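Architecture at a glance
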Amino acid sequence: MRHKIDAIWFVLVLIAMIAGCSALGGGDDDDSDSSTDDDASDDDVSADDDASGGSMYSDACGIDYGANPGCNSSDPACQMAMLINQDRYQNPQEADCAPAIKWNDALADVALAHSTDMCNRNFFDHVNPDGQDPFDRMTAAGIQFVAAGENIAMGTGLTVSQAEDMFMDEPECTPNHRSNILDRDFTDAGVGVYDRGAFVYITQDFASFNFSDIRTDPNEYCGD
């Protein structure tokens, strides 16, 4: 799902629906959650190591996509932010030299809250049972964006790299998960991973905060 000025679209990935999440555990489960948010998994560290170094400097773009985005690299949520930058590095034409994503704690809090809510209230959607979409949730958290987007995924034993691979295994230059990840207008992201053991809920929230971040030149690779 993406919102840019007045444009909105919905995208979501459904891996495996479940009957309910509250039965998997009770009470406050913060200890089992990532302290940050977005797509992540607790058993995916080795798969994400390629995204954790400083070796992804793009000469074509003049951007170091391998630098730490500003989060704890041992956290699966942070590792997914690194994967986002890895995908931007590996697709410079489609991303049109999109900036390296910076970690945003406020977006991460919103993303983790949504992943947790989807599990606890047994739904899988960008719009929660109260009728709030991602942009409502960001606004309620005091986030003043000029462009924003969201990807969500849920599955049994879902890992960070599995979710990111599914997002990226979509058509190029089409409004979808892939386009959110590669969107040259998004400068910041936060990831929320709610891991209840067998079932994992992942939310990626993206945003930019200044109109100067919005590109007006055409993306020639995508034909616009």
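Attention in this report is confined to the structure presented alongside it. (Residues numbered from 1 in each chain as written. Predicted model: local features only at pLDDT ≥ 70, side-chain atom pairs only at ≥ 80, totals over all residues. Heavy atoms only, no water.)

**With respect to the overall build of the chain**
Broken down by element type, the chain carries seven helices and eight strands. The contacts of the chain with a sequence gap of at least 6 include a subset with a gap of at least 24, amounting to 77%. Of the roughly 9400 Å² that the chain leaves accessible, carbon and sulfur atoms contribute 48%. (Helix = DSSP H or I, 4+ residues; strand = E, 2+ residues; numbered from the N terminus. Contact = heavy atoms within 4.5 Å. Areas by Shrake-Rupley, 256 points an atom, 1.4 Å probe, with all protein chains shown as cover.)

**Thoughts on the packing of helix α2 (residues 76-90) against helix α6 (residues 160-168)**
Relative to each other, α2 and α6 sit at 35°, their axes nearing to 10 Å. The two elements α2 and α6 meet at a crossing, and its hand is right-handed. Contacts from Pro-76, Gln-79, Met-80, Leu-83, Ile-84 and Asp-87 of α2 reach α6 at Val-160, Ser-161, Ala-163, Glu-164, Phe-167 and Met-168. (Axes fitted to C-alpha atoms, helices over the stretch in contact; angles between N-to-C directions. Left-handed = near helix turned anticlockwise from the far one by under 90°.)

**What to know about the nonpolar core**
With 31 residues, the main nonpolar core has Met-80, Trp-103, Ile-181, Ile-202 and Phe-206 as its most contacted residues. The set of elements that each furnish at least two residues to this core consists of α2, β6 (147-156), α6, α7 (177-182), β7 (188-195) and β8 (199-208). It is α2 that contributes the most residues to this core, seven residues altogether. Of all hydrophobic cores here, the second largest spans nine residues; its members include Met-1, Val-110, Ile-143 and Ala-148. (Core = buried A, V, L, I, M, F, W, Y, C linked by side-chain atoms within 4.5 Å. Buried < 20%, exposed > 50% of the residue type's maximum accessible area, 1.4 Å probe, protein only.)

**A word on the state of the cysteines**
Per the stated rule, a full pass over the model turns up three disulfides. Note that Cys-71 is cross-linked by a disulfide to Cys-78, the S-S spacing being 2.1 Å. Between Cys-71 and Cys-78, the disulfide has an S-S torsion of 75° and is therefore right-handed. Cys-78 gets classed as buried once you look at its relative accessible area, which sits at 0%. (Disulfide = S-S within 2.5 Å.)

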